[in-house]
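# Secondary and tertiary structure notes
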Amino acid sequence: MPITLNLADAERLGPLDAFFDAPNTALGLHRQATLRFAFEPLPAPMVLWVRARVWRVEDGVMTFDGRPALLPGDARAPWARIIRPFTEAKDSPLLVEAGATSLELQAALGTLEVYGAELRDPRDDAPAPVAEVPLPLPHTVVLPSCGLDCDDGAALQAVLLAAPVGPVEVQLIDALYVLRTPVVITRHDVTLRGLSLPTVIEWAPINAGQSAAITFRGSRGGLEVPLESDHVAGQTRLAVPVLAFGGVVPDAVELTADDFGDVPVPCLEGRDVERFSRHLLHQARVVSVSPAGLLLDRPLALDVPLGSRPRVRALHSLRGARVIGLDLRAACPEARDEVPFAPARCEVPEVGDDDGLVFERTVGARVSDVSARFFGRYSIYVESSLDTVIDDYDMAFPSNYGEGGRGYGVHLIHASRSVVSSAAIGPSRHAVVVDFGSSDSQILDSTFVQTTLAAVDVHGEASRDTLVRGNDIDGGTSGVLIGGGGTEAHCNDGPRHWVHRNRFGPACFSGVSVSNATRHVSVIDNHFDGALVSLTLMLGAGDVEVRHNHFRDSVGQPLFVGAGSGPLFVLDNRFDEVCAAEGVAVVEAGGDLQLGDNLFCGP
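Everything quoted here is computed from the prediction, not taken from an experiment.

In this section: the state of the cysteines. What we call a disulfide is simply a covalent bond connecting the sulfur atoms of a pair of cysteines. Enumeration over the complete set of coordinates arrives at three disulfides. Paired through a disulfide, Cys146 and Cys150 show a sulfur-sulfur distance of 1.9 Å. With the S-S bond torsion at 125 degrees, the cross-link from Cys146 to Cys150 turns out right-handed. Under the relative-accessibility criterion, Cys150 is labelled partly exposed at 23%.

Before going further, it helps to examine the side chain of Gln442. When you line up the elements, Gln442 lands in strand β37 (residues 439–444). You can call Gln442 buried: its relative accessible area is 1%. Within the structure, the side chain of Gln442 is placed 2.8 Å from the backbone oxygen of Val54, a separation counted as a polar contact. At 2.9 Å, the side chain of Gln442 forms a polar contact with the backbone nitrogen of Ala75. Apart from the residues within four sequence positions on either side, Gln442 is in contact with Val54, Trp55, Asp74, Ala75, Ser418, Val419, Val420 and Leu467.

Take unusual backbone geometry next. If a residue is not glycine, its phi is most likely negative; likewise, a peptide bond is most likely trans. Residue Pro427 is bonded to the preceding Gly426 through a cis peptide linkage, with omega at 0 degrees. By secondary structure assignment, the location of Pro427 is in the loop between β35 (424–425) and β36 (430–435). Omega for the peptide link from Gly566 to Pro567 comes to 5 degrees, which places this bond in the cis form. Looking at where Pro567 falls in the secondary structure, it is placed in the loop between β51 (559–561) and β52 (568–571). At Asp189, a residue that is not glycine, the phi angle is positive and equals roughly 55 degrees. Tracing the sequence through the fold places Asp189 in the loop between β15 (183–185) and β16 (190–194). With a phi angle near 60 degrees, Arg501 is a residue other than glycine that sits in the positive phi range. In this structure Arg501 comes out as partly exposed when scored by relative accessible area, which is 31%.

So, on to a nonpolar patch on the surface. Residues Val242, Leu243, Val249 and Val289 make up a contiguous nonpolar surface patch of about 340 Å² in total accessible area. Tracing the backbone through its elements, the reader meets Val249 in the loop between β20 (237–238) and β21 (252–256). The exposure class of Val249 is partly exposed, given its relative accessible area of 41%.

All buried positions along helix α1 (residues 152–162) are accounted for by Asp152, Gly153, Leu156, Val159 and Leu160. In a view along the axis of α1, the buried residues occupy a sector of 125 degrees, so they form one face of it. Relative to its buried face, α1 has exposed residues pointing more than 90 degrees away, namely Leu161 and Ala162. Backbone nitrogen of Gly153 and a side-chain oxygen of the N-cap are separated by 2.8 Å at the start of α1; the cap is Asp151.

The residue Cys146 is located in the loop between β12 (139–143) and α1 in this model. Overall, Cys146 belongs to the partly exposed group, its relative accessible area being 38%. For the pair Cys146 and Val178, spaced 32 residues apart in the sequence, the C-alpha separation amounts to 8.7 Å.

Moving on: the sheet that holds β51. Reading across from one edge, β15-β18-β28-β31-β33-β36-β39-β42-β45-β48-β51-β54 is the order of the twelve strands in this open sheet, with parallel pairing throughout. At either margin of the open sheet sits one strand with a lone partner, and together these are β15 and β54 (585–587). Going from strand to strand, the sheet's axes swing by 15 degrees on average, the running direction of each strand aside.

In the structure shown here, the tally under the stated rule is 33 salt bridges. In this structure, Arg120 and Glu118 form a salt bridge, with 3.1 Å as the shortest nitrogen-oxygen distance. When its relative accessible area of 24% is taken as the criterion, Glu118 is described as partly exposed. Measuring nitrogen to oxygen at the nearest pair gives 2.5 Å for the salt bridge that ties Glu224 to Arg313. Taken together, the residues span a long stretch of sequence, with Glu224 in strand β19 (residues 224–226) and Arg313 in strand β24 (residues 311–314) at a distance of 89 residues. Exposure remark for Arg313: the relative accessible area of 18% places this residue in the buried category.

Next up on the list: the sheet that holds β21. Pairing within the open sheet is antiparallel, and its six strands lie in the order β19-β24-β21-β22-β23-β20. Taken across any chain shown, the strands that pair with only one partner, and hence form the sheet edges, are β19 and β20. Relative to strand β23 (residues 293–296), strand β22 (residues 282–290) runs antiparallel, the two sharing four bridges. Residue pairing for β23: Val289 is matched across the bridge by Leu294.

This brings us to the environment of Leu95. Within the secondary structure, Leu95 is located in strand β9 (residues 95–96). With a relative accessible area of 30%, Leu95 lands in the partly exposed category. Along the sequence, Leu95 and Met46 sit 49 residues apart, while their C-alpha atoms lie 5.5 Å from each other. For Leu95, the contacting residues outside a window of four places in its chain are Pro45, Met46, Val47, Phe64, Arg67 and Pro122.

How each quantity is defined
- Residues numbered from 1 in each chain as written.
- Predicted model: local features only at pLDDT ≥ 70, side-chain atom pairs only at ≥ 80, totals over all residues.
- Heavy atoms only, no water.
- Disulfide = S-S within 2.5 Å.
- Buried < 20%, exposed > 50% of the residue type's maximum accessible area, 1.4 Å probe, protein only.
- Helix = DSSP H or I, 4+ residues; strand = E, 2+ residues; numbered from the N terminus.
- Polar contact = N/O pair within 3.5 Å; in protein donor to acceptor, adjacent residues only side chain to side chain.
- Contact = heavy atoms within 4.5 Å.
- Patch = residues over 30% accessible without salt bridge, like charges linked within 9 Å, V, L, I, M, F, W, Y side chains within 5 Å.
- Areas by Shrake-Rupley, 256 points an atom, 1.4 Å probe, with all protein chains shown as cover.
- Salt bridge = Lys/Arg side-chain N within 4 Å of Asp/Glu carboxyl O.
- Arc of directions from axis to C-beta.
- Pairing = 2+ DSSP bridges.
- Axes fitted to C-alpha atoms, helices over the stretch in contact; angles between N-to-C directions.

Here's what the structure looks like:
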């Protein structure tokens, strides 16, 4: 049923990328702002479906005509029903009563980006997808392979240098391209598209030295100016002088600060970067500039006092990078044949320390229908970048599983608002690593198998606001590790991480592990199928909520709470093999476990 949106005190957020299959503009529903919907009198009770981007789960917390409600969306802007919060009733939709002519949504905590809404019969499926907004037609260059005895990397670089100003799409029409020198792309709006099935890009460098096959690289940023007052978590404005950026409104900015604050006890012996640097390079888009400062498209969840010298840098990131339909392979087919998890003896040894696809200082980069094999370090590496989406990605068989960042499917570092969706990764060392101050990362609807360490590793070093949802994870020491793997490195994680609706298979030693003073973690609606320990809490981690999970085929006691860790709140879960509360957890001295309303010896 069509409905009309009254803007009320919502703010327009401006253009949005067509990748999200959405109209060009959205309504920004900031904290306590209200959207009012008007419609003809309803003939029967109906359900409200909303199309909106939710970056942090708390962004979807709202009131629905004054009642607590939740929009269980994500960054891909799917249609989602307004439901009751997890604390009330799992997935129970809130109805608009028959005869109603209006309703209100009010953002309770975060910022909601709303594209549209529909009222539908409760028995109906979700509304049909919104038509994509077409991108500007690029200049097209058709690039055939130059043959096995030459360098397709140099040919691709030359084509990009010669292409006219404006968007350009390079169409790779042959089945095999061999890159012997790295491709570095520094211009905006470049698409690399493979048209063969598959289009193989083989990385076979002719010189030693760590490198990457293809890199998209923006500039290092513009003018840096100090904040004029403290920044409080939840604010959407940065207090900077009106003329700080020479009268030009930057598209995006980066907030940073000096080290400050108390170091958590478990991290006191760690390396300096893990001990102190908890506020590294948080990026956001800029909506407008006013005497009050820069209005951001989202609140930054940071408390940054003036004593820490907070600064804002205008970003001049590379825009419009797209890679579609490529099969990236390092010249090390031996990696497929080696004993699992052993370093390969590569035909071209240099690739054992090389990356596949790199994005440095980009905004809005997109990877779709891409596979990667045999790279030693990071098959995809995203650094200091904003709004990166990696979708329909397949990675396996790295040539190196060693220490120091090798064998990763995707590595996010200093990255904000990144999405990894519909990926299939493994064997690997880690499937996805979220690292060094990365924020608002989402790992969605993917399959991760056969990882030597954690499949999803939220590595510590100030990363925050991570959503891991809808994944099938089987293999690794931990399915999801939040807070890092020790106190000497990868310590001091940021707060607010959500692990929702995943399945953890029996090949996981531990389903979810939270450590190193990490706080505010929600583990909700997951299935734990036979991990040795389903959930581990240790090294001072706490404020962890475990709710609506199903624990079955448990090898031993499903939960472990280490000394000095907690509280761990275990509520409304089902334990198939545990028949009394005493069998739920091993709790070391000083651990804090709180149980309530769980079902034991489930059917």
